[in-house]
Amino acid sequence: MITRDSQIYNSLSRRKEKLITRKEGKLSFYSCGPTVYNLIHVGNLRSALVADLFYRFWKQIGFDVIFTRNYTDVDDKIIHRAQEDNLTAQEVAEKFIEEVEKDYEKAGCLDPTYRPRVTDTMMEIIGLIEQIVSRGSGYVIDGNVVFSVDSFKDYGKLSGKHLEDLEVGARVDRDTRKRNPLDFYLWKASKEGEPFWESPWGKGRPGWHIECSAMIQKLLGNQIDVHHGGSDLIFPHHENEIAQSEAGSGKAPFVRYWLHHAFVTINQEKMSKSLGNVFSAREFLNKFSGEMARYMFLTPHYRSPIDFSENAVWSAAKALERIYEAKNLAEDCVALSSQAIKNQAFEEFIAKISEEFYSAMSDDFHTPVAISKVFDLIKEYNRLAYQGSNDDKAGRAKSFLRFLSEVLVPIFGFGGDNSKEVLVRLSEIQKSIKGWDESGPEQLSATEIESFISERELARKQKDFKRSDKIRDELLAKGVELKDTPLGPKWSYR
Ligand SMILES: [Zn+2]
């Protein structure tokens, strides 16, 4: 059962539309995946995370989602890498698929329903090209098959480009064999030493665009609900996918809703000086964490560019810390009583927050607003946490934790780990980020702080308050603030 209506921005119509799927309760979803010739970069990671967010949210509101993300395992870049590394193209692709899967897993991405590869889709690719040729939209030259853009009257409908304007630009490096300079290859005759497949047009391999059309036709059908990718894929890749699929099947629209996310921009100068070489997803995930990636790439709106900077990394660490501090407090409070009492007013507050959270997510995945609602709840919970009896404290804490596990974690995929472990890790991360800023003071590590705190606790037990105050002041001078709470001392970097 679908629990709510949602609006999504359709790049095809250039406006927000109500999401109505072809089959009630079912949603067919395709997202363009990476070419596997290297480790993926942070831009690819954003793409995977955005698709993962869509997938999680649609599942959460009740859709039966069939999610397909491909691997491009036949490509010039792969062949080139294979020659460099003295491997076969297949070995290169195999190796990097394995590596990319590790990154996806570390970033907390759910497995898609299907993860097709070009090499497993060859029969369907050839079949679709035959369909296109037989319907008069493809022509053969010297073992190559080329798509004729003039045969497809809707060419340009996604990108908003006009054939005449495009032709002027394309004429510059004209491939004279093509009827129109914008015509693109569906099948390329293989050159000496390249991997090839047998086809009705001779030995060759598919052009890039055809794979997505063929995989979709094979796994999801001739017409699907949602297609996603980076905005850099709108032209020509997605424009060509539409042309191939609609010309091949004779059915339109190929895709009901086209969703595109924005770039990851990098503050070059600052990055090279301070962040070092954190450009591959692997480096980011190792240096920080999967949850940090999720926070950084999912809490800005998917159609806004993300500036990948030290500041953004720092803010993500601070924000996750606030979430985990509240979670840690709630876990401690739950332990105070086995007779938790529900607090009516707080329950109502959570219900209101949930409603606002889902409304924001249903408004074209407005994650900045959705996450601000989570912080409104955290603020309110922190304010009330110590009020009333232990039974009251445990009751509020339970309700708060339920919101995290039933709303935040399933949709955003962060906030679900062990709070004590994550807090230690986050303070280490913050320390490492601080280290980049050479002007900043040297910071204590979490372990160092903990040892100061236990020393202070000992002094307090021995009623040596002069000593315990001295330790607190020392910590403060080193930029660490200590707060005494009913659950013991809590510290944070100032
Ligand atoms: Zn694609």
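From a predicted model like this one, the values you see are computed outputs, not experimental measurements.

(A) Local environment of the overall build of the chain. Counting secondary structure elements, the chain contains 17 helices and 14 strands. Across its three principal directions, the C-alpha atoms of the chain cover 90 × 50 × 35 Å. The buried share among the 494 residues of the chain stands at 52%. Of the roughly 22400 Å² of accessible surface on the chain, a fraction of 49% belongs to carbon and sulfur atoms.

(B) Helix H7 (residues 234–249), seen in detail. When the terminal C-alpha atoms of H7 are compared, their 21 Å separation across 16 residues agrees well with the 22 Å that a helix rising 1.5 Å per residue should span. Glycine 250 occupies a position one or two residues after H7 and carries a positive phi of about 75 degrees.

(C) The arrangement of the environment of threonine 485 in detail. Mapped onto the fold, threonine 485 is located in strand S13 (residues 480–485). Separated by 99 residues in the primary sequence, threonine 485 and tyrosine 386 place their C-alpha atoms 8.8 Å from one another. Once residues lying within four places of it in the same chain are set aside, the contact partners of threonine 485 are Tyr386 and Lys490.

(D) Examining the domain arrangement of the chain more closely. On domain assignment, one finds that the chain holds domain 1 (7–261), domain 2 (265–433) and domain 3 (441–493). One C-alpha centre belongs to domain 2, the other to domain 3, and the line joining them spans 25 Å. With both sides pooled, the region where domain 2 packs onto domain 3 buries about 950 Å², and carbon together with sulfur makes up 61% of that total. Of all residues in domain 2, Tyr386, Ser427 and Lys431 give up the largest surface area on contact with domain 3, accounting jointly for 48% of the area buried on that side. Counting across the interface, domain 2 meets domain 3 through one salt bridge. The partner of aspartate 332 in a salt bridge is lysine 490, with the nearest N and O atoms 3.5 Å apart. Between the two partners, domain 2 and domain 3, sit one residue pair in polar contact (both at pLDDT 80 or more). Of the residues belonging to the side of domain 2 that touches domain 3, the class tally is five nonpolar, three polar and four charged.

(E) Quick look at the coordination of the zinc ion. Protein-derived ligands of the zinc ion are Cys32 (SG), Cys212 (SG), His237 (NE2) and Glu241 (OE), with the metal-ligand distances lying across 2.0 to 2.6 Å. With four donor atoms in place around the zinc ion and angles of 77 to 128 degrees between them, the coordination shape is irregular. Read N to C, the donor residues that coordinate the zinc ion are spaced as C-x179-C-x24-H-x3-E. Of this pair, cysteine 32 sits in the loop between strand S3 (26–31) and helix H1 (42–60) while cysteine 212 sits in helix H6 (residues 210–219), placing them 180 residues apart in sequence.

(F) Summary view of the packing of helix H13 (residues 367–384) against helix H14 (residues 390–412). Their axes nearest at 11 Å, the elements H13 and H14 cross at an angle of 165 degrees. On the basis of their axis angle, the class for H13 and H14 is roughly antiparallel. Where H13 crosses over H14, the handedness of that crossing is left-handed. Where H13 approaches H14, its residues Thr367, Ala370, Ile371, Val374, Leu377, Ile378, Tyr381 and Leu384 are matched on the opposing element by Arg396, Ala397, Phe400, Phe403, Leu408 and Phe412. For the contact of H13 with H14, the class distribution of residues is 12 nonpolar, one polar and one charged.

(G) Geometry of unusual backbone geometry. The omega angle of the peptide bond from phenylalanine 235 to proline 236 is 0 degrees, so this bond is cis rather than trans. Within the secondary structure layout, proline 236 lies in helix H7. Cis geometry marks the peptide bond from alanine 252 to proline 253, where omega comes out at 0 degrees. Residue phenylalanine 365 is not a glycine yet carries a positive backbone phi of 55 degrees.

(H) Up close: the side chain of serine 245. Its location among the elements puts serine 245 in helix H7. Given a relative accessible area of 6%, serine 245 falls into the buried group. The residues touching serine 245, leaving out its near neighbours within four places in the chain, are Ser213, Gly250 and Phe254.

(I) A look at the sheet that holds strand S6 (residues 144–147). A sheet is described by the order of its strands in space; here four strands give the open sequence S5-S6-S7-S8, paired in antiparallel fashion. Two strands lie at the open edges of the sheet, namely strand S5 (138–141) and strand S8 (204–206), each paired on one side alone. Direction aside, neighbouring strands of the sheet carry axes that sit 20 degrees apart on average. Where S6 lies against strand S7 (residues 184–189), three bridges are found, and the strand directions are antiparallel. Counterpart to valine 146 in the pairing with S7 is tyrosine 185.

(J) Inspection of the pairing of S3 at higher detail. Most of S3 is tucked away: five of the six residues are buried. Between the parallel elements S3 and strand S4 (residues 64–69), the chain passes through H1 in a crossover that is right-handed. Bridge count between S3 and strand S9 (residues 224–230): three bridges; the pairing is parallel. Following the sheet pairing, serine 31 is matched in S9 by histidine 228.

(K) View of the sheet that holds S9. Spatially, the four strands line up as an open sheet ordered S4-S3-S9-S10, and their pairing is parallel. The open sheet is flanked by S4 and strand S10 (255–261), the only strands paired with a single partner. With direction set aside, neighbouring strand axes in the sheet form an average angle of 20 degrees. Strand contacts of H6: S3, S4 and S9, with the helix running at about 155 degrees to S3, the strand carrying the most contacts.

(L) Highlighting the environment of leucine 329. Examined against the element boundaries, leucine 329 turns out to sit in helix H11 (residues 310–334). On the accessibility criterion, leucine 329 (8% relative accessible area) is buried. For the pair leucine 329 and threonine 485, spaced 156 residues apart in sequence, the C-alpha separation works out to 9.9 Å. Not counting chain neighbours up to four residues away, the residues in contact with leucine 329 comprise Tyr381, Asn382, Ala385, Tyr386 and Leu487.

The rules behind these values
- Residues numbered from 1 in each chain as written.
- Predicted model: local features only at pLDDT ≥ 70, side-chain atom pairs only at ≥ 80, totals over all residues.
- Heavy atoms only, no water.
- Helix = DSSP H or I, 4+ residues; strand = E, 2+ residues; numbered from the N terminus.
- Buried < 20%, exposed > 50% of the residue type's maximum accessible area, 1.4 Å probe, protein only.
- Areas by Shrake-Rupley, 256 points an atom, 1.4 Å probe, with all protein chains shown as cover.
- Expected span 1.5 Å × (residues − 1).
- Contact = heavy atoms within 4.5 Å.
- Domains from an automatic or database assignment.
- Buried area = accessible area lost by both parts, 1.4 Å probe.
- Salt bridge = Lys/Arg side-chain N within 4 Å of Asp/Glu carboxyl O.
- Polar contact = N/O pair within 3.5 Å; in protein donor to acceptor, adjacent residues only side chain to side chain.
- Nonpolar A, V, L, I, M, F, W, Y, C, P; charged D, E, K, R; others polar.
- Donors = N, O, S within 2.8 Å, 3.2 Å for Na, K, Ca; no water.
- Tetrahedral: all angles 85-135°; square planar, octahedral: opposite > 155°, others 65-115°.
- Axes fitted to C-alpha atoms, helices over the stretch in contact; angles between N-to-C directions.
- Parallel < 35°, antiparallel > 145°, perpendicular 65-115°, else oblique.
- Left-handed = near helix turned anticlockwise from the far one by under 90°.
- Pairing = 2+ DSSP bridges.
- Right-handed = clockwise from strand over helix to strand, strands pointing away.

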